[in-house]
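Here is what each chain is made of, one letter per residue.
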Amino acid sequence: AWGLFMEKLQELEATCPYATVGLDSISTMAKCCIRDVLRVDNKAEETLQEWGRIINRLQDLFARLRQLQQKGVHVVVTAHEQYIQDELDGALYRRPLIVGKKLPGELMQYFDEVYHSEIKETVDPKTGKKGKKYIIRTRSTNRLSAKSRLGVLEDEEEPDFAVITERIKKGERK
C-alpha cells in the first residue's frame, strides 16, 4: 500500500487534475509505512534504525503534501486520535495517532489549517432533551491542537466542507 500511494503521489506532484486530494487517514498510512520498512529490511520488528527510517519517510511525505498545497491543491488529511500523558504534570493531551515521540506534536507545522472533530453534548433549552452535535474545532484548547490561519472561521464550525469553503470564499465570519 505504501509503494502504491507514493507512486500516486508522484503522479499528482507532476500534474494534479484535482482541486482537492485527501488522505484518510495518516494514522493508517503510518502503519503502511512501518510494514513497508519491515518488508524492505526483512525484519519482524522495528529496531531504532527502522524507527528512524519510518520517521524520515513520514516527514518526507508531509513535506511533499505541503509542496502540493503550495501548487494550489487543497490537501485534506485525517488522523485518528490518541491521548498522550504529560510526564511532568500528568495531564492528558489529544494528539494525532502517528508514530514517534515528537511527530504527533510536530504534525501541525506541515499544514495551514488543522481542525479537530468532536461531539458536543447539547440540551434543548425548551424541552430539556439531551442531544449531540458534531462540530469542528478550529482553535487549540489547553488539551488539543487546532489552528486556522484564515481569520474567517469561528472556534467551532459545522462539520460541512461546503459550508466552510463558502465562508472562506466570502472572507467573513458568521
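For every chain, the first residue of its written sequence is number 1, and the numbers climb from 1 along that sequence. Note on the predicted model: pLDDT of at least 70 is required for a residue's local features to be given, and 80 or more for side-chain atom pairs to be given and counted; whole-chain, interface and lining totals, by contrast, use all residues. Processing note: side-chain calculations cover all non-hydrogen atoms of the structure and skip hydrogens and water entirely.

A run of H or I in DSSP becomes a helix once it reaches four residues, and a run of E becomes a strand once it reaches two; helices and strands are each numbered from the N terminus. Tallying secondary structure elements over the chain gives five helices and seven strands in all. Starting at the N terminus and walking to the C terminus, you meet the elements of the chain as α-β-α-α-β-β-β-α-β-β-β-α. Seen through its C-alpha atoms, the chain measures out along the principal axes to roughly 65 × 45 × 25 Å. A 1.4 Å probe rolled over the protein chains alone gives each residue an accessible area, and that area as a share of the maximum for its type sets the label: buried under 20%, exposed over 50%, partly exposed in between. When burial is assessed residue by residue, the chain has 33% of its 174 residues classed as buried. In this analysis, two residues are considered to be in contact whenever any of their non-hydrogen atoms come within 4.5 Å of each other. Within the chain, residue pairs in contact and separated by at least 24 positions form 50% of the contacts whose partners lie at least 6 positions apart. Split by element, the accessible area of the chain, about 11400 Å² in all, is 51% carbon and sulfur. For every accessible area listed, the method is Shrake-Rupley and the probe measures 1.4 Å; residues are considered covered only by the protein chains on display.

We now examine the nonpolar core. Counting 32 residues, the largest nonpolar core has W2, I26, M29, L58, L61 and F62 as the members making the most contacts within it. Elements with a minimum of two residues in this core: α1 (2-14), β1 (20-23), α2 (26-41) and α3 (48-70). Per-element tally for this core: the top contributor is α2, with eight residues. Here L58 is in contact with W2, A30, C33, I98, V99 and L103, once residues within four sequence places are set aside. Joining through side-chain atoms within 4.5 Å is the link that ties buried Ala, Val, Leu, Ile, Met, Phe, Trp, Tyr and Cys residues into a set, and such a set is a nonpolar core.

With that settled, the discussion passes to the sheet that holds strand β5 (residues 116-123). DSSP-based pairing: two strands are paired if at least 2 bridges between them are found. An order of β5-β6-β7 is seen for the three strands of this open sheet, with the pairing classed as antiparallel. At either end of the open sheet lies a strand with only one pairing partner, and these are β5 and β7 (156-157). Across eight bridges, β5 lies against strand β6 (residues 130-137) in antiparallel orientation. Residue E118 lies in a different strand from β6, and its bridge partner there is I135.

Let's shift gears to the confidence of the model for the chain. What pLDDT reports is the predictor's confidence in each residue, on a scale of 0 through 100. Predicted confidence across the chain gives a mean pLDDT of 89, with 98% of residues reaching 70 or more. For the chain, the element scoring lowest by mean pLDDT is helix α4 (residues 103-106), at 84; α1 scores highest, at 94.

Further remarks concern helix α5 (residues 161-170). Residues adjacent in sequence count toward polar contacts only when both atoms are side-chain atoms; beyond that, a polar contact is any pair of N or O atoms within 3.5 Å, and within protein one must be able to donate a hydrogen and the other to accept it. The N-terminus of α5 is capped by D160, whose side-chain oxygen sits 2.9 Å from the backbone nitrogen of A162. Note on α5: the residue one or two positions beyond its end, G171, has a positive phi of about 70°.

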